[in-house]
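The residues making up each chain are set out below.
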Amino acid sequence: MTLFENTKIVISSLFTRPATLMYPAKPAKKTANTRGHVTINPAGCITCRTCQRKCPTQAINVDVKEKTWEIDNMRCVVCAVCVDTCPTTCLTMDNQYRPAMTARGGIEKVTVAGPKKKEPAAAPANGAKPAEKKE
Ligand code: SF4
Ligand code: SF4
């Protein structure tokens, strides 16, 4: 960058407002696509652990036995990979930012539904055995 270009930028920035905002004193700009934080619908989670495997920062922990889903908000970089790969679409990206954290923590743990139980095949009304599939 030449001295002339440098001087031009310095002079123009003297007469323009800063691009930054005084967040959180002033609210941040948000759109429908703003990645604020991950939320879960516990009823839809089948504890498949896809989100845990795909998360690049190991922010998610799924306990299949205990049927719990946990997110460490200090690790989450809101990349939305978990949201995009969840097979039941029970994860969503809320466009609301979390409040600033001043201490270690931010772990959220919820109890989820777990794997769907297979429904037993309905018996025919007349008591006959269900017809076998022909190949
Ligand atoms: S948004 Fe990204 S970093 Fe955050 S939990 Fe999901 S996959 Fe991990
Ligand atoms: S949140 Fe989605 S991807 Fe993660 S364990 Fe539950 S069903 Fe699987």
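None of these values were measured; they are calculated from a predicted model.

Caption draft 1: Region of interest: the overall build of the chain. Within the chain one finds three helices and five strands. Sequence-ordered secondary structure for the chain, helices as α and strands as β, is α-β-α-β-β-α-β-β. Evaluated residue by residue, the chain yields a buried proportion of 21% over its 135 residues. The long-range fraction of contacts in the chain, counting pairs at least 24 apart against all pairs at least 6 apart in sequence, stands at 71%. Per element, the accessible surface of the chain, about 11,000 Å² overall, is 56% carbon and sulfur.

Caption draft 2: Layout of the site of ligand 2. Neighbouring ligand 2 are 14 residues, the closest being Cys45, Cys48, Arg49, Cys51 and Cys86. Partitioned by chemical class, the residues of the shell around ligand 2 number ten nonpolar, three polar and one charged.

Caption draft 3: Focus on the site of ligand 1. Taken together, 14 residues form the shell around ligand 1, and within it Cys55, Cys76, Cys79, Ala80 and Cys82 come nearest. Residues that form the shell around ligand 1 fall into these classes: 13 nonpolar, one polar and no charged.

Caption draft 4: Local environment of the sheet that holds strand E5 (residues 107-111). Strand order across the open sheet formed by three strands is E2-E3-E5, with antiparallel pairing between neighbours. One side of each edge strand has no neighbouring strand; the edge strands of this open sheet are strand E2 (60-63) and E5. Between one strand axis and the next, the sheet turns by 15° as a mean value, whatever way the strands run.

Conventions used here
- Residues numbered from 1 in each chain as written.
- Chains lettered and ligands numbered in written order.
- Predicted model: local features only at pLDDT ≥ 70, side-chain atom pairs only at ≥ 80, totals over all residues.
- Heavy atoms only, no water.
- Helix = DSSP H or I, 4+ residues; strand = E, 2+ residues; numbered from the N terminus.
- Buried < 20%, exposed > 50% of the residue type's maximum accessible area, 1.4 Å probe, protein only.
- Contact = heavy atoms within 4.5 Å.
- Areas by Shrake-Rupley, 256 points an atom, 1.4 Å probe, with all protein chains shown as cover.
- Near = heavy atom within 4 Å.
- Nonpolar A, V, L, I, M, F, W, Y, C, P; charged D, E, K, R; others polar.
- Pairing = 2+ DSSP bridges.
- Axes fitted to C-alpha atoms, helices over the stretch in contact; angles between N-to-C directions.

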